[in-house]
Amino acid sequence: MKRRKRMTVWAYLDGKKLVDVVKAALDNNMMVDDMKALLIRENPGHEVTFKVK
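In this report, the structure presented in the accompanying data block is examined. A quick note: this is a predicted structure, and the numbers were derived from the prediction, not measured. (Residues numbered from 1 in each chain as written. Predicted model: local features only at pLDDT ≥ 70, side-chain atom pairs only at ≥ 80, totals over all residues. Heavy atoms only, no water.)

### Some points on the sheet that holds strand S1 (residues 9–13)
One key point about sheets: their strands pair by backbone hydrogen bonds, in either a parallel or an antiparallel sense.
Right, so step 1: Here we have 3 strands laid out as an open sheet, ordered S2-S1-S3, and antiparallel in their pairing. A strand with exactly one partner marks an edge of an open sheet, and here the two such strands are strand S2 (16–20) and strand S3 (48–52). Each adjacent strand pair in this sheet contributes to an overall mean axis angle of 35°, direction not counted.
Right, so step 2: Running at roughly 150° to S3, helix H2 (residues 32–42) makes contact with S1, S2 and S3 of the sheet. (Pairing = 2+ DSSP bridges. Helix = DSSP H or I, 4+ residues; strand = E, 2+ residues; numbered from the N terminus. Axes fitted to C-alpha atoms, helices over the stretch in contact; angles between N-to-C directions. Contact = heavy atoms within 4.5 Å.)

### Notes on the nonpolar core
Right, so step 1: Counting 8 residues, the largest nonpolar core consists of Val9, Ala11, Val21, Ala24, Ala25, Met35, Leu38 and Leu39.
Right, so step 2: When residues of this core are traced back to their parent elements, those giving at least two are S1, helix H1 (21–27) and H2.
Right, so step 3: Those residues in contact with Val9 that lie beyond four places of it in its chain are Val19, Asp20, Val21, Val22, Lys36, Phe50, Lys51 and Val52. (Core = buried A, V, L, I, M, F, W, Y, C linked by side-chain atoms within 4.5 Å. Buried < 20%, exposed > 50% of the residue type's maximum accessible area, 1.4 Å probe, protein only.)

### Let's talk about H2
Right, so step 1: Of all the positions in H2, only Met35, Leu38 and Leu39 are classed as buried. For H2, the angular spread of buried residues about the axis comes to 100°, placing them on one side. Structural note: H2 exposes Asp33 and Arg41 on the side pointing more than 90 degrees away from its buried face.
Right, so step 2: Looking at the buried side of H2, the elements it contacts are S1, S2, H1 and S3. (Arc of directions from axis to C-beta.)

So this is what it looks like as structure tokens:
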């Protein structure tokens, strides 16, 4: 059996790793897209980027 590698989405604030978006969404009982919007809204004036790893 082949095991599939788990992927997750990381949020970066001004190029520095901030949080695992999938884990944060699960902890707060939210959808991933809602968590992304919340992170962008809560950090005005900063560059928030997302990368799948």
